[in-house]
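The chain contents come next:
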Amino acid sequence: MKALLNRWSFWCLLAIILLALFGAGLFDGPPEREVASAFSKPLWLDRTLPPGMELRLGQSAPAAELDWNHGAPAGFSVKISGGESNPDRYVRWTTPDGKSFNLSPLRRGAEVDGRDISFKRSLGLPPFGDAAAALFPAKGAYRAEITGEGDWEGEVVIRMEGGRWGLLGTDQRGRDIAALFVAGIRVSLLVGIFATLIATFLGATLGLAAGYLGGWVDAVIMRGVDLLLSIPLLPILMALAALWGKGLWQLILILSVFSWMGSARTIRALTLSLRDAQYIEDLRGIGAPSGYILRRHLLPETLPVLLASMTLGVPGAILSEAWLSFLGLSDPRVISWGRMLHEAQSFGAFTAGAWWMLLPPGLGIALLCLVFLDLGKYLEERIDPRLRGGTAP
Amino acid sequence: MIEIKNLSVTYRRMTSDGRELRAEAVKNVSLSVEKGRFYALAGESGSGKTTVLMAIPGLLPRGTEAEGRILLEGADLLSMKEEELNKIRWRRAALVPQGAMNSFTPVLTVGRHVEEVLSVHLGLPKKEAEGRIASLFSMAGLEGELARRYPHELSGGQKQRAAIALALACDPDYLLCDEPTTALDVITQQGIINTLKKLVDEKGLGLLLISHDLPLAASVASRLYIMKDGRLVEEGPPREIVASPQNPHTKALVGALLDLEEDS
Amino acid sequence: MKGYWARRTGSALLILGLVLVLNFMLFRMMPGDPVASIIDPNFSPEAKARLSQVYGLDKPLPVQFWRYVKSTLSFDFGISFLTGRPVMEELRSRLPNTVTLLGTSLLLSALLGTWLGMKAALRRGSFLEKCILWSGAVSFSFPSFFVQLTLLMAFAAALPVFPLRGTLSVPPPAGGMALLADYLWHMALPVFSLALLGFGGWALYVRNLMVKILGEDFILLARARGLPQRNIVMGHAFRTLLPTLLTIFLLSLPGIVSGAVITETVFSLHGVGRFLLEAVTGHDYPAAGASFFLLALLTVSCNLLSDLLYGVTDPRVRMERGGRR
């Protein structure tokens, strides 16, 4: 088993699973939250663009300083939450050249957006003026503070929308791609693992039955295998997904019903070769019931093979889920990598040139598939040392 | 004359984790084969006899180390390139493989194999080849019309005879026979051995027979070599070897042979 | 021999019949009222009833089934719910695009893959072989649509060399040659991407088969006969491989319909694949039913054809097939 610790895929899978379990904690708020303007680039890209930023003011921190080294942000908004309304207090904005503005009185639940005409008017701008440009006239130190008379318990969020946000940018609705990416791991892992688990169980049962019982049972099962193997999978999956519903568990069941054939064949062949082995015949000779032989001898012998074929089957299930989601045949409320690619294609990632919407989910799927392929290869080699290969020098 | 001088062969294999596995299959073997005589090289399986045979036409797996010399009428085959070897293979020395071997390309007729060799080595057009195929087949003791059959349509004995016909196609000086009678019934075995013997006696071929069957080898060969664990442990006329074996291994083998003869 | 073909054809017909029944049941059990999906919900009940009558949905199920079988077998698939035009007409306008797309890319990838796979098998341990072993795993792991989207992003959006979408420009250019050039320009990236996705698998497959065959006794013996390399590789090794390759080629045909669905969706092509997707998602029974029937027909005939071809190209099968399988 030590060799497993030397496989890159093992550590990679471990990291992916940990990320799926605890990754949500890296982000504040759910992945559906709109955090910045649509199609924001990743932070590390195009540094001339202003990043999206937030200033939070409250009772404990009534003032905040901001060093601004870019042009004016794409958008500007102030949001006030909590606390009683206190019209005597307001948010003051001081620019590096010493001008100051009254952004908004502290009214509970007030939201002020740079595009509002009333806000522009309160700043003394014409209706077609650019509030963000007026508030950000130069590079330098800005200051936002809560001033005025009286107490106030609440929070002020001043958000400057930039063209850059987060590790991986945002999508067409301004959601954080990094958060969506982490949320999408779950679906791929769940579908990949459970669909193959069920499929392998089905395949093992039918393969054992066909191999051990033989006769018409074998004939019927193997004809079924031939039939299912000859029909193209995707159209059938499409029809069933549309017919039966788009839920995650329906999808897992549909996928497993159409992918048990491989393991059934393997297990049948293995059972056939074992069935005639001497010790099995001896067992039968002393009157051991079929069920006992199947359970206690044939199944344990076939288990390692099953494990390997299962691991190698996971990529197929992951890809099938991705196909269906990409075609829009998955639950739109469930975030998955295929869904992310579907939205990238449907909502103009191309015209926006937002390649960062494309690469993370696509590479995520590919990486997960490669990880399982490598693990499967490792398991196969453990079962059959001949596969370890070796070529003439 | 084929002379093998101090031949040592080491098989090499790389494992997937980059180690090299080495196995010395033949150690310092010297023997010779002259035209018009019947030689036999006997030994149990794994003794290295097939490796010696395959080394002659340069058919050892890629990466195998072979030291020593293999001379064909004085020219060293071991140092030859593939193109030079191709001029010698089949025209000078032909191979008769084991009958159980999958020795014919399954999707081509047996006759097509002969035809190809005739056209490649002798430049014979298809029309002329047909007549020659018929005579080759009758020389090997087969009906000519079997040439139109596919390998899987022939019985084991027929396939073996077809292999002999194929080996004779370019009139070689030497025949290298690798267990040509294994997996055949006794009567067919005898027939094939008789055919080979006739070829040596009538056509003056030099023949090297590889066999694990010592009685058979001793009964037909004029000179017998015995190998054990990659080394040549005994050589001489079969009569002498049977009468006074030098090596303990041969003694045991001959002892078993004598027991058999006394029983019968 | 005759019995064998009779059995094969019989089971093919049985499968087609099964597909007919399934088709009929599946699409009549689909959620979503088909009539509701084609008309305004504010239609009067009389109008709805009349529409039901036009589509024959008011008759009892056995009658509906009989009419369904009769019309399907005469390739009359009815009127599409979504477009209001005969399904056959819709299919006919889309089929040439799909055939061009799949035919060209499959041919390209099979030829290129076979060539590279043979080369890799002949040069064990070479850089080419490593590339092919690697590309097989990659083409198995990367979702096809992701690769295509990336290509689209790179060569149509970032570098506008190829068009972003569609089969023809809007409006299409006048003149035969210009129209053809425009069509080829639109099809280039889809065809190229499908070929790219396919050839790795082919190369790996051919390489594995070839490596196995090159290790066979009869190849060693062909070498022993002093045959030139070209004879051994083409005349013996490849000739032995050929029946298997042809079979796989034919059997892979139905499967590439999946490729058509994906590719036509990614590149917004006017093809049968996208029609199928729209029919399934839009509860368009006649269109989806027709697509599935044709797909089953394609699958069954490819299976039969591959059996036939295998029998012709591989002499070993001609005899054995009589009794076995």
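Keep in mind that this is a model prediction, so the values were computed, not measured.

Draft legend 1. Here's a closer look at the nonpolar core. Core analysis: the biggest nonpolar cluster contains 110 residues, and Met-238 and Leu-327 of chain A together with Phe-145 of chain C have the highest contact counts within it. The leading source of residues in this core is helix α5 (residues 177-213) of chain A, at 12 residues. For Met-238 of chain A, the contacting residues outside a window of four places in its chain are Leu-324, Leu-327 and Leu-329 of chain A together with Val-261, Leu-276, Leu-277 and Val-280 of chain C. Core analysis: the second largest hydrophobic core is formed by 84 residues, Ile-70, Leu-95 and Ala-169 of chain B together with Leu-221 of chain C among them.

Draft legend 2. Examining the interface of chain A and chain C more closely. Of the residues lining the interface, 36 residues belong to chain A; the matching set on chain C comes to 38 residues. For chain A, the biggest contributors to the area lost against chain C are Leu-243, Phe-326 and Phe-350 of chain A; these three give 18% of the whole. There are 0 salt bridges connecting chain A and chain C. Those elements that provide at least two residues to the side of chain A that touches chain C are α6 (215-230), α7 (233-244), α11 (290-326), α12 (337-346) and α13 (359-383) of chain A. Sorting elements by how many residues they give to the side of chain A that touches chain C places α13 of chain A first, with 8 residues. Looking at the side of chain A that touches chain C residue by residue, the classes come out as 30 nonpolar, 5 polar and 1 charged.

Draft legend 3. Geometry of a nonpolar patch on the surface. A contiguous nonpolar patch, built from Leu-5, Trp-11, Leu-14, Ile-17, Leu-18, Leu-21 and Phe-22 of chain A and spanning about 700 Å² of accessible area, is present on the exposed surface. Here Trp-11 of chain A is to be found in helix α2 (residues 8-22).

Draft legend 4. Structural view of helix α11 (residues 272-281) of chain C. Within α11 of chain C, 7 of the 10 residues are buried, which leaves the element mostly enclosed by the surrounding structure. When we look at burial in α11 of chain C, the residues that qualify are Val-272, Gly-273, Phe-275, Leu-276, Leu-277, Ala-279 and Val-280 of chain C. If you follow the buried residues of α11 of chain C, they end up packed against α7 of chain A together with α5 (87-122), α10 (229-266) and α12 (285-313) of chain C. Just beyond α11 of chain C, the residue with positive phi is His-283 of chain C, at close to 50 degrees.

Draft legend 5. Seen up close, the state of the cysteines. Tallying each qualifying case throughout the model produces 0 disulfides over all chains. Here Cys-369 of chain A is not cross-linked by a disulfide; its sulfur's nearest cysteine counterpart is in Cys-12 of chain A, at 12 Å. With relative accessibility at 0%, the residue Cys-369 of chain A sits in the buried group. The closest cysteine sulfur to the non-disulfide-bonded Cys-177 of chain B is located on Cys-170 of chain B, 16 Å from its own sulfur.

Draft legend 6. The pattern of salt bridges, seen in detail. Inspection of every chain in the model, using the stated rule, returns 33 salt bridges over all chains. Residues Arg-92 of chain B and Asp-173 of chain B are paired through a salt bridge, measuring 3.5 Å at the closest nitrogen-oxygen approach. Of the two residues, Arg-92 of chain B is situated in the loop between α2 (82-88) and β6 (93-96) and Asp-173 of chain B in the loop between α5 (156-168) and β7 (174-178); the sequence distance between them amounts to 81 residues. Because the salt bridges share partners, they merge into one network encompassing Glu-54, Arg-56, Glu-155 and Arg-159 of chain A.

Draft legend 7. Quick peek at unusual backbone geometry. Of note, Asn-6 of chain B is a non-glycine position whose phi angle comes to about 50 degrees, a positive value. Structurally, Asn-6 of chain B is set in strand β1 (residues 2-14).

Draft legend 8. Quick peek at the sheet that holds strand β2 (residues 20-33) of chain B. Residue and element names in this part refer to chain B. Here we have 4 strands laid out as an open sheet, ordered β2-β1-β4-β5, and antiparallel in their pairing. Only two strands of the sheet have a single partner each, and these edge strands are β2 and β5 (75-76). Pairing of β1 with strand β4 (residues 65-72), which is carried by 7 bridges, proceeds in the antiparallel orientation. The partner of Thr-10 across the bridge, within β4, is Glu-65.

Draft legend 9. Focus on the interface of chain C and chain B. Counting residues at the interface gives 23 residues for chain C and 27 residues for chain B. Taken as a group, Leu-221, Arg-223 and Arg-225 of chain C account for 27% of the area that chain C buries against chain B, more than any other trio of residues on that side. At the boundary of chain C with chain B, the tally comes to 1 salt bridge. Note that Arg-223 of chain C is salt-bridged to Glu-82 of chain B, the shortest N-O span being 3.5 Å. Linking chain C with chain B are 9 residue pairs in polar contact (both at pLDDT 80 or more). Put simply, the parts of the chain that give the side of chain C that touches chain B at least two residues each are α9 (217-224), α10 and α13 (315-320) of chain C. Residue composition of the side of chain C that touches chain B, by class: 8 nonpolar, 6 polar and 9 charged.

Draft legend 10. Highlighting the packing of α5 of chain A against α11 of chain A. Residue and element names in this part refer to chain A. In the contact formed by α5 and α11, the axes pass within 7 Å of each other and the chain directions differ by 145 degrees. α11 is crossed by α5, and the crossing has right-handed handedness. For the pair α5 and α11, the contacting residues are Val-187, Ser-188, Val-191, Gly-192, Ala-195, Thr-196, Leu-197, Thr-200, Ala-204, Leu-208 and Tyr-212 in the first and Ser-290, Ile-293, Leu-294, Leu-298, Leu-299, Leu-306, Met-310, Gly-313, Val-314, Ala-317, Ile-318 and Glu-321 in the second. Split into classes, the residues belonging to the contact of α5 with α11 amount to 16 nonpolar, 6 polar and 1 charged.

Thresholds applied
Residues numbered from 1 in each chain as written. Chains lettered and ligands numbered in written order. Predicted model: local features only at pLDDT ≥ 70, side-chain atom pairs only at ≥ 80, totals over all residues. Heavy atoms only, no water. Core = buried A, V, L, I, M, F, W, Y, C linked by side-chain atoms within 4.5 Å. Buried < 20%, exposed > 50% of the residue type's maximum accessible area, 1.4 Å probe, protein only. Helix = DSSP H or I, 4+ residues; strand = E, 2+ residues; numbered from the N terminus. Contact = heavy atoms within 4.5 Å. Buried area = accessible area lost by both parts, 1.4 Å probe. Salt bridge = Lys/Arg side-chain N within 4 Å of Asp/Glu carboxyl O. Nonpolar A, V, L, I, M, F, W, Y, C, P; charged D, E, K, R; others polar. Patch = residues over 30% accessible without salt bridge, like charges linked within 9 Å, V, L, I, M, F, W, Y side chains within 5 Å. Areas by Shrake-Rupley, 256 points an atom, 1.4 Å probe, with all protein chains shown as cover. Disulfide = S-S within 2.5 Å. Pairing = 2+ DSSP bridges. Polar contact = N/O pair within 3.5 Å; in protein donor to acceptor, adjacent residues only side chain to side chain. Axes fitted to C-alpha atoms, helices over the stretch in contact; angles between N-to-C directions. Left-handed = near helix turned anticlockwise from the far one by under 90°.

Everything listed here is a matter of geometry and, on its own, says nothing about what the molecule does.
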